[in-house]
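# Structural features, examined
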Amino acid sequence: MGTMDKIKSMLLNQQKKVEEEIILLDKDDPVNSEAPVESSEPGTDSWVADTHTRTVAVKKSLQDILIKIKRALQSMASGKYGMCENCGRKIEPERLDAVPTATLCINCSKKGSKN
Ligand SMILES: [Zn+2]
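Residues numbered from 1 in each chain as written. Predicted model: local features only at pLDDT ≥ 70, side-chain atom pairs only at ≥ 80, totals over all residues. Heavy atoms only, no water.

## Details of the overall build of the protein
Per the secondary structure count, the protein includes four helices and zero strands. If you list the helices and strands of the protein from N to C, you get α-α-α-α. The buried share of the protein, taken over its 115 residues, is 28%. Pairs at least 24 residues apart make up 45% of the contacts formed inside the protein by residues separated by at least 6 positions. As displayed, the protein offers around 8,100 Å² of accessible surface, 53% of which is attributable to carbon and sulfur atoms. (Helix = DSSP H or I, 4+ residues; strand = E, 2+ residues; numbered from the N terminus. Buried < 20%, exposed > 50% of the residue type's maximum accessible area, 1.4 Å probe, protein only. Contact = heavy atoms within 4.5 Å. Areas by Shrake-Rupley, 256 points an atom, 1.4 Å probe, with all protein chains shown as cover.)

If you want it as structure tokens, here you go:
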């Protein structure tokens, strides 16, 4: 199995996991809950709001990861995987090993572009 295949299957696994987590999060979000939330107890409304806010934040970061995974898979399909989006050089293999979704080389990511 080539390195690329290894990374690809890793990304596909991660993608599946993240998608499942998003589904679970949606289920856990009291706002989406089908069962009516008991609102007789004091503080329940703020609990619902807090939990919802937290869920949305976690979901947002998971969706960001998902976007990066999809971009990495797309660049693999077009043969551009592992190229720095900023300078066009090859991204260090050690970096891709640690961060398979990296789109910038170490130098460019140090320059402050977020990745
Ligand atoms: Zn670069």
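Picking up after the structure, the text goes on.
## Quick look at the packing of helix 1 (residues 3-28) against helix 2 (residues 44-77)
The interhelical angle for the contact between helix 1 and helix 2, taken along N-to-C directions, is 155°, at an axis separation of 9 Å. Comparing the axis directions of helix 1 and helix 2 gives the class roughly antiparallel. Here the hand of the crossing between helix 1 and helix 2 comes out left-handed. Among the residues forming the contact of helix 1 with helix 2, the class breakdown is 15 nonpolar, four polar and six charged. (Axes fitted to C-alpha atoms, helices over the stretch in contact; angles between N-to-C directions. Parallel < 35°, antiparallel > 145°, perpendicular 65-115°, else oblique. Left-handed = near helix turned anticlockwise from the far one by under 90°. Nonpolar A, V, L, I, M, F, W, Y, C, P; charged D, E, K, R; others polar.)

## Description of the coordination of the zinc ion
Octahedral metals with six donors have ideal donor angles of 90 or 180 degrees. Tetrahedral metals with four donors have an ideal donor angle of 109.5 degrees. Coordination of the zinc ion by the protein is provided by Cys84 (SG), Cys87 (SG), Cys105 (SG) and Cys108 (SG), with metal-donor distances spanning 2.2 to 2.3 Å. Here the zinc ion binds four donor atoms, and the angle range of 105 to 117° at the metal identifies the geometry as tetrahedral. Site description for the zinc ion: donor spacing in sequence, C-x2-C-x17-C-x2-C. Of the two residues, Cys84 is situated in the loop between helix 2 and helix 3 (93-98) and Cys105 in the loop between helix 3 and helix 4 (106-110); the sequence distance between them amounts to 21 residues. Owing to a relative accessible area of 4%, Cys84 belongs among the buried residues under this scheme. (Donors = N, O, S within 2.8 Å, 3.2 Å for Na, K, Ca; no water. Tetrahedral: all angles 85-135°; square planar, octahedral: opposite > 155°, others 65-115°.)

## Things to note about the environment of Thr101
Assignment of secondary structure puts Thr101 in the loop between helix 3 and helix 4. Given a relative accessible area of 13%, Thr101 falls into the buried group. Considered as a pair, Thr101 and Leu11 are 90 residues apart in the sequence and their alpha carbons are 8.0 Å apart.

## Quick word on the pattern of salt bridges
Under the counting rule described, the total for this entry stands at three salt bridges. Lys59 is the partner of Asp26 in a salt bridge, and the nearest nitrogen-oxygen pair spans 2.9 Å. Of this pair, Asp26 sits in helix 1 while Lys59 sits in helix 2; the two residues are 33 residues apart in sequence, bridging distant segments of the chain. Its relative accessible area of 26% is what places Asp26 among the partly exposed residues. (Salt bridge = Lys/Arg side-chain N within 4 Å of Asp/Glu carboxyl O.)

## Notes on the nonpolar core
Core analysis: the biggest nonpolar cluster contains 19 residues, and Leu11, Val18, Met76, Tyr81 and Cys84 have the highest contact counts within it. Mapped onto this core, the elements with two or more residues apiece are helix 1 and helix 2. Per-element tally for this core: the top contributor is helix 2, with six residues. Of the domains in this structure, domain 1 (1-29 + 47-80) and domain 2 (82-115) are the two that each give at least three residues to this core. Beyond its immediate chain neighbours, meaning those up to four positions away, Cys84 contacts Arg89, Ile91, Thr103, Leu104, Cys105 and Cys108. (Core = buried A, V, L, I, M, F, W, Y, C linked by side-chain atoms within 4.5 Å. Domains from an automatic or database assignment.)

Read these as spatial facts, not as claims about activity.
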